Protein chains: 2
Amino acid sequence: MKLGRFVVDGLDGPVQRICLVVPEQGRVVDLRAAESLRLQAQGATREAALRYASILFPESMSAAIALGQQFLDSAAEAAEMCGDDASLAIDGLRWGPACDPSVVRDGLTFTKHIRQFHERMDKTPASALLDIPGYFKGTPWTVIGHEAEVPWPAQGQRLDYELEIGWVIGKRAHNVTPDNALDHLFGLTIFNDFSARDLQGREFDIGMGPTKSKDFAYGIGPWITTIDEFASLDKIAMSVRVNGEIWGQGDTSEMLWTPQELIAYVSIDDHVQPGDVIGSGTMGNGSALELGRSLNPGDVVELDVAGVGVLRNRIGEKKEGGWWPEKRQPFM
Amino acid sequence: MKLGRFVVDGLDGPVQRICLVVPEQGRVVDLRAAESLRLQAQGATREAALRYASILFPESMSAAIALGQQFLDSAAEAAEMCGDDASLAIDGLRWGPACDPSVVRDGLTFTKHIRQFHERMDKTPASALLDIPGYFKGTPWTVIGHEAEVPWPAQGQRLDYELEIGWVIGKRAHNVTPDNALDHLFGLTIFNDFSARDLQGREFDIGMGPTKSKDFAYGIGPWITTIDEFASLDKIAMSVRVNGEIWGQGDTSEMLWTPQELIAYVSIDDHVQPGDVIGSGTMGNGSALELGRSLNPGDVVELDVAGVGVLRNRIGEKKEGGWWPEKRQPFM
């Protein structure tokens, strides 16, 4: 099943609607509308049907996923019973981010990327990378969806994409082990960890994790494919195109840490919530940095993940002005 | 005004109640109860009064703060009209975390701490510390309140506290400047950034920010003091006691970056939300590391911040077992 969100204008402003996506038919099903119509056909009043459907299919994908199996069962039933009234053409939809994670987390997994990244950044990889899965946390407030414009980062000059899978959490996970980690996985989406490379080195040196080099845009979408549609997570084909030209391709092999290990590790002492997204880490050749290239305003970046689809974003214009801190005098 | 949250058992499990705290009287006012009684005295039905009061004073402090001036005005009015029916003794309350931030962020501000921290960790401070305010992001799911036990971190041996102020955000902030940053500050709380020092070095080397060395407990409380009660943020007295003995004391002077600059910097490209907490950074001598000491199970840590109060937490027992990743073979 493929599940996403599109945006419509409501009476009080834009609202997100959860939809079932059928790419091969070029259609989506507005699940709230479909469920409401299904209930009314069974004799529910319009008011009661809308109230029930809005609880089952709220604006938040995290809230929907948090309802567990009921969400999936209801989505399947609503879509099956749906006539044309709750179906829309996929073309021309305004997409919302497929997920609204409580926290963005992003791993460092693919050995080819780790090797090439460190070569380009002229850094020696820390031996600690072999001890524990590295991951960083990002703000959830800069998540953008399919076809959304990427705001150019303040003071950044060298903009990059990162080709990743987003592991979408289905159940609360706390201190789980790799053996049962997949029970907590709802599905896969595409994750573009946009990065300002010229800001990243300085933040790396401080050692507190990326801030302004990452917290301007996390692309998540176009939708989620539920985990039952994947026979294996080992060799999922991925590629990235910039302005239609292939800049990188490969698959999910050669992982230093499996998705199971990454989810389990993140859950140690911490709590992972339904709808959270954990970036897989960048695939080898999945960043422009590894090619000695970077992005410009107007560039269109497409990440293609087999079994999910294509996440497309256009890079916005550079901004001038805005406050930036003044350099301090040495105090040591 | 001092605002916090306490926990009571409801029909479906524990619930958080927002309260106005009057420490000098040893009392708190249950604001939802007070508002409901106030409305009923004016002729509202019990059902309507409870419904309205529950919207004004929800479980989430972030949701309450997000209502803006209406929250503060209603709290003042409800507390003023309150008789004994909505008032409780402060002793024996079960405290919830004063805030439920969407993301935990924590700065690096006080020059004495930066100097002493790097000396003890045997590291040279990055020159980038003079270029930009360093801060890291923590998961909001490990926030604990006043009197809550600190869960011992998996695989950690050398546990520490960090004495900090928590800047509590009052209004959404995005690309604000230091000039207007204080308009977005709701108040001050106490922030204890518990840290596993033996895990921290390895995570520092990876460069993606702290994960397991921090994401096991962020102490926030005992309550928030609103910003109007502080004439200045420049010399707020702070101290830390372990098992009743003073281990560190000082004040908020000698900042590399002001709170205004820290808030403004965090808001660049990112969005800061009502109820978010930004740690001030650790005060000089505000960690046991700086003294060559560490914490043991059963230790009681009290952080004292003038104008707020005392945040007290006991350290839990060490845990055995639990999954931990196996070391990988070099691949480069």
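Residues numbered from 1 in each chain as written. Chains lettered and ligands numbered in written order. Predicted model: local features only at pLDDT ≥ 70, side-chain atom pairs only at ≥ 80, totals over all residues.

Draft legend 1. The sheet that holds strand β8 (residues 149-150) of chain A, seen in detail. Residue and element names in this part refer to chain A. Strand order in this open sheet of 5 strands is β8-β18-β17-β14-β15, and the pairing throughout is mixed. Looking at which strands have only one partner, the edges of the open sheet turn out to be β8 and β15 (245-251). Bridge count for β8 against strand β18 (residues 309-315) is 2 bridges, and the pairing is parallel. By the bridge assignment, Glu149 is partnered in β18 with Arg314. (Pairing = 2+ DSSP bridges. Helix = DSSP H or I, 4+ residues; strand = E, 2+ residues; numbered from the N terminus.)

Draft legend 2. Here's a closer look at the interface of chain B and chain A. The interface is formed by 56 residues belonging to chain B together with 56 residues belonging to chain A. If one sorts the elements of the side of chain B that touches chain A by residue count, helix α7 (residues 197-206) of chain B sits on top with 4 residues. Of the residues contributing to the side of chain B that touches chain A, the split by class is 31 nonpolar, 13 polar and 12 charged. (Contact = placed C-beta atoms within 7 Å. Nonpolar A, V, L, I, M, F, W, Y, C, P; charged D, E, K, R; others polar.)

Draft legend 3. Structural view of the relation of the copies chain B and chain A. The transform that puts chain B on chain A rotates by 180° and translates by 0.0 Å along the axis, for an RMSD of 0.0 Å. Taken together, the turn and the small shift mark the pair as related by a two-fold rotation axis. If distances are taken from each C-alpha of chain B to the rotation axis, the shortest is found for Gly209 of chain B, at 1.8 Å. Looking at chain B, 100% of its interface residues are interface residues in chain A too, so the copies touch through the same face. (Least-squares fit on C-alpha atoms with pLDDT ≥ 70 in both.)

Draft legend 4. The nonpolar core, seen in detail. Ranked by size, the top nonpolar core spans 191 residues in total, and within it Ile263 of chain A together with Ile263 of chain B carry the most contacts. Beyond its immediate stretch of four places on either side in the chain, Ile263 of chain A contacts Trp167, Ala173, Val176, Ala181, His184, Leu185 and Ile278 of chain A. (Core = buried A, V, L, I, M, F, W, Y, C linked by C-beta atoms within 7 Å. Buried ≥ 20, exposed ≤ 12 C-beta atoms within 10 Å, placed from the backbone.)

Draft legend 5. Examining the environment of Lys327 of chain B more closely. Following the sequence through the fold, Lys327 of chain B ends up in the segment after β18 (309-315). Not counting residues up to four positions away in its chain, the partners in contact with Lys327 of chain B are Leu130 and Asp131 of chain A.

Draft legend 6. Representation of the sheet that holds strand β15 (residues 245-251) of chain B within the structure. All names here are of chain B. Strand order across the open sheet formed by 5 strands is β8-β18-β17-β14-β15, with mixed pairing between neighbours. Because the sheet does not close on itself, it has two edges, and the strands there are β8 (149-150) and β15. Here 6 bridges tie strand β17 (residues 300-305) to β18, and the two strands are oriented antiparallel to one another. Its bridge partner lying in β18, Val305 is registered against Gly309.

Draft legend 7. Just helix α2 (residues 46-56) of chain B, in detail. Residues and elements named next belong to chain B. The complete set of buried residues in α2 reads Ala49, Ala53 and Leu56. The arc that holds every buried residue of α2, seen down its axis, measures 55°, which confines them to one face. If you follow the buried residues of α2, they end up packed against α1 (31-41) and α4 (69-81). (Arc of directions from axis to C-beta.)

Draft legend 8. Looking closely at the domain arrangement of chain A. Residue and element names in this part refer to chain A. When cut into domains, chain A gives domain 1 (2-89) and domain 2 (104-315). Distance from the C-alpha centre of domain 1 to the C-alpha centre of domain 2: 29 Å. Contact residues are listed per partner, giving 9 residues for domain 1 and 11 residues for domain 2. Put simply, the parts of the chain that give the side of domain 1 that touches domain 2 at least two residues each are β1 (2-10) and α3 (61-65). (Domains from an automatic or database assignment.)

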